[in-house]
Amino acid sequence: MDAELLEPGQRVAALTGLTPTGAIGEVLAFADGRVIDAPARGGVGESVDATGWIALPPLADLHAHLDKGYTWTSFGQPEGSLDDAIACWIDHGEDHSYADIKRGARRHLIAALHAGVTAVRSHTNYHLGDDPLRGVRALVELRAEFAGIVDLQVVASPGPSDGPDDLGRAAVALGVDLIGGFPHLAEDPTADLERAAAFAEEFGLGMDLHTDETLDPTSTGLAELAARTRHWPADVIRSAGHCVSLSTQDAEVRARTLAAVAEAGVSIITNPLTNLYLQGWEHPVSTPRGIPPLRDVLAAGIILAAGGDNVQDPFNPLGNADMIDVASALVIAGHLSPSEAWQVSSTGGRAAFGLPPADGRVDDVADIVLVRAAHTAEALAERAPDRIVIRDGRVIAVRRRVVGSVLDLHPLPVSPSTPTSEGALI
Ligand SMILES: [Zn+2]
């Protein structure tokens, strides 16, 4: 059958006619939830003609705030810096109900799924008002609802940084996956990091901290996180989100920090859209980008992932849960190649999440995103609207282009790009 006709629920035994991309050639075959080297005789599922499509590793959004999504309008359309966004969040947070949180988070997850995202790590605040754990509860429930479709990790901090840890203990009891925090916002960042790390150790959980989300070069939380977690077992997650100050530190400090991060097994999660928006308001001349030096991070051998961070909330009025937008920003603002940007937004994210590889190699899990594009750069440039998401050898989501028509325009011949192998593109 033609790939265009695939619908959610259908099993796929083999894809043929693919435009080769990365590790994937013209044929991709699945059996028992794994990639196999050639289509099996009598394999379960459809044999699909995927001419005109490329197959890419599924996307992973490693830094989301599902509890905040789609609030920009109702919270007064604020505009400004990280401080402004936090102030707006505090002003309106009490009215943000459990139902609001769940509705926004579900909308976010469904949009992400249609875009090809099969793994999301989301932070959640403790919400103002009588029921501070309503965000944790909503996300833990959605994690169960989306099980087997979108893997969701929920991150909550030990407690408000100036208060007791009771909320953190209650959040752990509800089932959070990782311990979070915002040491760079605390009066004593070192003490705050220590508190989060000790809390994570007490419960045997990993940690994902907002780290150095500031252009101040003296903010060195990343190096401190590496030093604090270097003796943790290799399989315990420790991630640092943002790492903005790394972009303002001199080459020597940066190199020393990155070597320590690599040695400690800390993964870095860059959030280009939100940091381009929130950072730099106080620098009208030579406005900095607020994005860590991605090439240096990769060259140091560090796992690098990416996040959409905020979706139409006080921290970013835009954002749409589509990691292709994030990957595009990694190219334009972060100076990665299109293939590197996809790799960071998919394979890197899966590694930081703790998921097995899905690169289309033999024995990888049978998870893939089909994108109607000639190559990865075109997929990013065109925000390729046609996508088919396959997980465990089964179609789980389909997104199709809406074809419009134009009045009185003489039809012009439009030829699609010639499919180009990834090797030729680079
Ligand atoms: Zn964040």
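Look above for the structure.
Numbering of residues starts from 1 in each chain and follows the order in which that chain's sequence is written. Two thresholds apply to this predicted model, a pLDDT of at least 70 for residue-level local features and 80 or more for giving and counting side-chain atom pairs, whereas whole-chain, interface and lining totals are computed over all residues. Excluding hydrogens and water, the side-chain values take into account all heavy atoms of the structure.

Draft legend 1. Quick peek at unusual backbone geometry. Positive phi is not limited to glycine here, since D363 has a value of about 80°. For helices the rule is a DSSP run of H or I covering at least 4 residues; for strands it is a run of E covering at least 2, with both sets numbered from the N terminus onward. Structurally, D363 is set in the loop between α11 (338-353) and β14 (368-371). Exposed residues in this analysis have more than 50% of their type's maximum accessible area, buried residues have under 20%, and partly exposed residues fall in between, with area computed by a 1.4 Å probe over protein chains only. Residue D363 is classed as exposed on the basis of its relative accessible area of 53%.

Draft legend 2. Geometry of the sheet that holds strand β9 (residues 178-179). Strand order in the open sheet made by the eight strands is β6-β7-β8-β9-β10-β11-β12-β13, with parallel pairing throughout. Both outer strands of the open sheet, β6 (59-64) and β13 (304-306), are each paired with one neighbouring strand and no more. In this structure, strand β8 (residues 151-156) lies alongside β9, joined through two bridges in parallel fashion. Looking across to β9, one finds that A156 is bridged to I179. Its contacts with the sheet place helix α6 (residues 221-229) against β10 (206-211), β11 (238-242) and β12 (267-270), and it is angled at close to 165° to β10. We call two residues contacting when some pair of their heavy atoms lies within 4.5 Å. Lines fitted to C-alpha atoms define the axes here, with helix axes fitted over just the stretch in contact, and angles between the N-to-C directions of these axes take values from 0 to 180 degrees. The strands touched by helix α10 (residues 323-332) within the sheet are β6, β7 (117-123), β12 and β13, with β6 carrying the most contacts at an inclination of about 85°. Following DSSP output, two strands are said to pair if at least two bridges run between them.

Draft legend 3. Expanded view of empty space enclosed by the protein. Points on a 1 Å grid over protein atoms alone make up a cavity when a 1.4 Å probe fits among them but cannot get out, and a pocket when they form an open set with protein on both sides within 12 Å along at least five of seven lines; lining residues each have an atom within 4 Å of a point. Grid points are joined across faces, edges and corners, and a volume is the space filled by probe spheres set on the points. Within the structure shown, the criterion is met by four cavities of 30 Å³ or more. Considered as a void within the structure, the largest cavity measures approximately 50 Å³ in volume. If you go around the largest cavity, the residues you meet are D61, H108, L273, G308, N310, V311, G319, N320, A321, D322 and V326. Any residue outside Ala, Val, Leu, Ile, Met, Phe, Trp, Tyr, Cys, Pro, Asp, Glu, Lys and Arg is labelled polar, Gly included; the first ten of those are nonpolar and the last four are charged. For the lining of the largest cavity, the class distribution of residues is four nonpolar, five polar and two charged.

Draft legend 4. Spatial organisation of the nonpolar core. Nonpolar core, defined: a set of buried Ala, Val, Leu, Ile, Met, Phe, Trp, Tyr and Cys residues in which side-chain atoms within 4.5 Å join the residues together. Among the nonpolar cores identified, the biggest contains 76 residues, and I268 and V371 are the most heavily contacted of them. These domain limits were set by an automatic method or by a database of domain assignments. Residue contributions to this core reach at least three from each of two domains, namely domain 1 (3-56 + 359-425) and domain 2 (59-353). Core analysis: the next-biggest nonpolar cluster, separate from the first, contains 20 residues, V48, A50, A55 and A366 among them.

Draft legend 5. Structural context of the sheet that holds strand β16 (residues 394-399). Strand order in the open sheet formed by four strands is β5-β14-β15-β16, and the pairing between neighbours is antiparallel. Looking along the sheet, the strands with just one partner apiece sit at the ends: β5 (54-56) and β16. Within the sheet, the average angular offset between the axes of one strand and its neighbour, ignoring direction, is 25°. Note: β5 against β14, three bridges, orientation antiparallel. Bridge pairing in β14 places A55 opposite L370. Together, β15 (387-391) and β16 form the strand contacts of helix α2 (residues 98-115), whose direction differs from that of β16 by roughly 100°.

By themselves, these figures tell us nothing about what the structure is for.
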